[in-house]
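Architecture and fold: a report
This is what each chain is made of:
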Amino acid sequence: MASPTPNQDENLVTGQHPFAGNFHKTLPHNRFGEVEVAAYRRFERTCIEIEAGAPINFESVPGGPLAPSFLPDVPQTAFKSSSGDTPAIQALGMAAAKLTSPLAGAAVESFGPDPKSLEMPPAPSIQSISATAEMVELYWMALLRDAPLVAFQFDRTPPIDDCADLAEHDGELGYGVAGRIGMARQAVNRCFDAAVRLDRDPGRLRTPLDLAPGSGGARIDLQTLFRSGLPGEDAGPLLSQFFLQSVGYGTQTIDQSQVPYIAKRDFLVTHGDWLLAQNTGKDCFGRDYGNCNNYGDQLHRGATYYPPGNGRRLISTMRDLARFVNRDALHQAYFNAALFLLNIDAPVDGGNPYRGNLFSREGAFASLGGPDLLTLVSEVASRALKVVWRQKWLVHRRCRPEVFGGLLQMERNGYDGTLQDYGTVTSVAALPDVQTAVNDTLAAVSAHNASLPGGAATLFLPMAFSAGSPSHPAYGAGHATVAGACVTVLKAWFDEDARLLDIYAAANARAGAERVGPKDPPEGTLQLLQPGYRRIGTDLEAFCPPRPYPPAASSDAERITVGGELNKLASNVAMGRSMGGVHWRSDNTRSLRLGEEVAIEILRKRSAEYAERPLSFRFRSFDGEPVQIVQGEVLRS
């Protein structure tokens, strides 16, 4: 059994550093957003005792104040109320948000791995170069949240007549899209290079674990910016093809369009709103993360979260991707991908005995067939959550990025004329360009926050969600761990080297010249797609449909494979959480590997249970290493 290795942030308990790098949302805080030491000690002790097996819970952990006060000075925003509020509305402001399932980390497991058998490396500490580099990336994600995703790729099909090219987006967004992306790429690259080359923190960023390797340390270009650096993920658009297609679900069709969050509307950028979220885990309407951006508050209480008319579109911006991962059914994206690949007869892995002509009288169904896969891709999700929930609550207790934004705000701007010093790293003596990158980033954030309705010139991280982050620690990431587990199952099931162009061509041929398909209506030509551009002469929310991706002659299109797009799907969901502001890059990249290990153990057990022989599962790990699972044995190169 591995030994847990959290970082040392819980040791930062001097007067200047009261658990600055740790999770303490919904606990009581002072005016600077610093947690009360006694409250955190109670919380920490509860976590330690539960990890040791004590039969206790978190009921004795104190909650934060629910209203602003002068003695002590708690200058948080007050919950909104009116004389006509119903009892249900009044109840929203009567308690802090509940901690999210903290006892799940103490659960035992028989189908999957024992949660205590898997560990994660320490996260970057709050006083590391790596943490600052991650924060710079998060700021630029927020600043580009409404830019079209089609801008984040080298090759793109031009817009059709009624759709705007990239330059025509500038006026409506209020900034030059290409120029801001260039600034983001340069700032992020400089900071990640410094982290990879110079950081000595035990939890520091590493390649290829956290980033694609490059000549200066990290490779950050249009094909890797805001991606995870996974094998094959750099081919094609930033958004996976599995988000751009309709999906057959039995006799029904899953339309992957969604009502978007409205553009140019970010949250927790004022001191009062930010402090309210730290103390209560709620927005000014009393909604916690699971219920925030609540449509009922737009209908009845004056909030603005959704555009007029509630028009739908496919995912087209980073805000859209953040919206998806705010409301998804957690394993939803991978279940949809499994359905899609089954429906188009994507080739299974060569280790599956039903591939080819081995059997003439047997076909896959209950084992190694569609029902088996759809069950398995769901089963691994709950097991992945148990494993990562232990890491969150009982091992690492890492703060969310919105906390780091507060640290920088208090260091640079302070509160009521008083500055704080938390020892964050915003300059590197050996690399003066890093300080320039950080300062340019903070200046852009300050201007952005001031431009928002009711905003201010602060350095708080602009959040896509009105309550900010959920009330559970950042490291590891639940979405990313589930993504790692589910995508590993899919890569082991299907031939991950198969090109989508070839699979689509075969499916189109069956529906055309061969006249043997499709199995169910409607029919349509399958093709590679890219996210759409905005429409000309309309509002910010009107996007054109996806366009065909550059033709087969493009070497980039030729590199788009099942495995690469599944890796991209996992990255989209994981990094979509960062695009909303709720997770660090290292939360995502390391949790993907954690989920991969969960899936490997479950596949190992499964491989010994099947009656079919010979049988193996083969795939490449997120680090690009071949893995083969045969009759209960895991073989790694």
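All of the points below concern the structure found in this document. Keep in mind the model is a prediction, meaning the values are calculated, not measured.

1. What about the overall build of the protein chain?
For the protein chain, the count of helices and strands is 17 helices and nine strands. In terms of C-alpha radius of gyration, the protein chain reaches 24 Å, essentially the compact-globule figure of 26 Å for 637 residues. Each principal axis of the C-alpha atoms in the protein chain carries an extent, and together these give about 80 × 60 × 60 Å. Evaluated residue by residue, the protein chain yields a buried proportion of 59% over its 637 residues. Across the protein chain, every contact between residues at least 6 apart in sequence was considered, and the portion connecting residues at least 24 apart equals 78%. Of the roughly 23700 Å² that the protein chain leaves accessible, carbon and sulfur atoms contribute 53%. For the protein chain, the distance from the average position of its 60 positive side-chain charges to the average position of its 70 negative side-chain charges is 2 Å.

2. Observations regarding the packing of aromatic side chains
Under the counting rule described, the total for this entry stands at 24 aromatic pairs. Consider the rings of phenylalanine 23 and tryptophan 393, whose centres lie 5.5 Å apart with planes at 80°: the pair is edge-to-face. Here the residue phenylalanine 23 occupies a position in the segment before helix H1 (37-51), and tryptophan 393 occupies one in helix H10 (residues 370-396), the gap between them amounting to 370 residues. Residue class for phenylalanine 23 comes out buried when judged on its relative accessible area of 2%. Its relative accessible area of 0% is what places tryptophan 393 among the buried residues. Look at phenylalanine 43 and phenylalanine 58: their rings are 6.3 Å apart centre to centre, the planes differ by 45°, and that puts the pair in the tilted class. Of the two residues, phenylalanine 43 is situated in helix H1 and phenylalanine 58 in the loop between H1 and helix H2 (87-91); the sequence distance between them amounts to 15 residues. Grouping residues by exposure puts phenylalanine 43 and phenylalanine 58 together as buried. Here the aromatic residues Tyr261, Phe267, Tyr289, Tyr295, Tyr305, Tyr306 and Phe465 are joined through ring pairs into a cluster of three or more. Across from the ring centre of tyrosine 175, 3.8 Å away, lies the NZ or CZ of arginine 180, which sits over that ring.

3. Some words on the pairing of strand S7 (residues 617-620)
What you see with S7 is a clean split: Phe617 and Phe619 sit on the buried side and Arg618 and Arg620 on the side with no burial. Pairing of S7 with strand S8 (residues 626-630), which is carried by four bridges, proceeds in the antiparallel orientation. The residue bridging phenylalanine 619 from the neighbouring strand is valine 627, located in S8.

4. Some points on the side chain of asparagine 449
As for its placement among the helices and strands, asparagine 449 is situated in helix H12 (residues 432-451). Its relative accessible area of 0% is what places asparagine 449 among the buried residues. Polar side-chain contacts of asparagine 449 include one of 3.1 Å to the backbone oxygen of threonine 458. Not counting residues up to four positions away in its chain, the partners in contact with asparagine 449 are Val269, Gly455, Ala456, Thr458, Leu459, Phe460 and Pro462.

5. With respect to the environment of glycine 478
Tracing the chain through its elements places glycine 478 in helix H13 (residues 478-493). Of the residues examined, glycine 478 reaches a relative accessible area of 6% and is grouped as buried. Linking glycine 478 and methionine 141, residues 337 residues apart in sequence, is a C-alpha distance of 20 Å.

6. Describing the pairing of S8
Taking every second residue as pointing to the same face, the buried face of S8 carries Val627 and Ile629, while none of Pro626, Gln628 and Val630 on the other face is buried. Hairpin connection between S7 and S8: a loop of five residues separates the two successive antiparallel strands, and glycine 624 in this loop has a positive phi of roughly 85°. For S8 and strand S9 (residues 633-636), the ladder comprises four bridges, and the chain directions are antiparallel. Considered in S9, the bridge of valine 627 is made with arginine 636. Remark: two residues form the turn of the hairpin made by S8 and S9, two consecutive strands paired antiparallel; glutamine 631 in that turn has positive phi of roughly 45°.

7. Quick notes on the state of the cysteines
A full pass over the atoms with the stated rule returns one disulfide. For cysteine 163, the disulfide goes to cysteine 544, at an S-S distance of 1.7 Å. Judged by the torsion about the S-S bond (-110°), the cysteine 163/cysteine 544 disulfide is left-handed. Here cysteine 163, found in the loop between helix H3 (129-143) and helix H4 (170-173), pairs with cysteine 544, found in the loop between strand S5 (529-530) and strand S6 (547-548); they are 381 residues apart in sequence, far enough to count as distant. Given a relative accessible area of 4%, cysteine 163 falls into the buried group. The thiol sulfur of cysteine 292 is not disulfide-bonded, and the nearest other cysteine sulfur, from cysteine 284, lies at 11 Å.

8. Focus: the nonpolar core
Among the nonpolar cores identified, the biggest contains 187 residues, and Phe152, Phe226 and Tyr334 are the most heavily contacted of them. In this view, phenylalanine 152 contacts Leu144, Ala147, Ile181, Leu222, Leu225, Phe226, Arg227, Leu238 and Met318; residues no more than four positions away in its chain are not counted.

9. Focus: the packing of helix H9 (residues 332-343) against H10
Two numbers describe how H9 lies on H10: the axes approach to 9 Å, and their chain directions differ by 165°. Relative to H10, H9 is oriented roughly antiparallel. The hand of the H9/H10 crossing is right-handed. Here H9 contributes Tyr334, Phe335, Ala338, Leu339 and Leu342 to the contact with H10, which in turn contributes Gly370, Leu373, Leu374, Val377 and Ser378. Its residues assigned to classes, the contact of H9 with H10 shows eight nonpolar, two polar and no charged.

Definitions and limits used
Residues numbered from 1 in each chain as written. Predicted model: local features only at pLDDT ≥ 70, side-chain atom pairs only at ≥ 80, totals over all residues. Heavy atoms only, no water. Helix = DSSP H or I, 4+ residues; strand = E, 2+ residues; numbered from the N terminus. Rg over C-alpha atoms; globule rule 2.2 N^0.38 Å. Buried < 20%, exposed > 50% of the residue type's maximum accessible area, 1.4 Å probe, protein only. Contact = heavy atoms within 4.5 Å. Areas by Shrake-Rupley, 256 points an atom, 1.4 Å probe, with all protein chains shown as cover. Lys, Arg positive; Asp, Glu negative; His and termini not counted. Charge placed at Lys NZ, Arg CZ, Asp CG, Glu CD. Phe/Tyr/Trp six-rings, centres within 6.5 Å; stacked < 30°, edge-to-face > 60°. Lys NZ or Arg CZ within 6 Å of the ring centre and 35° of its normal. Pairing = 2+ DSSP bridges. Polar contact = N/O pair within 3.5 Å; in protein donor to acceptor, adjacent residues only side chain to side chain. Disulfide = S-S within 2.5 Å. Core = buried A, V, L, I, M, F, W, Y, C linked by side-chain atoms within 4.5 Å. Axes fitted to C-alpha atoms, helices over the stretch in contact; angles between N-to-C directions. Parallel < 35°, antiparallel > 145°, perpendicular 65-115°, else oblique. Left-handed = near helix turned anticlockwise from the far one by under 90°. Nonpolar A, V, L, I, M, F, W, Y, C, P; charged D, E, K, R; others polar.

Just geometry here; none of it tells us what the structure is for.
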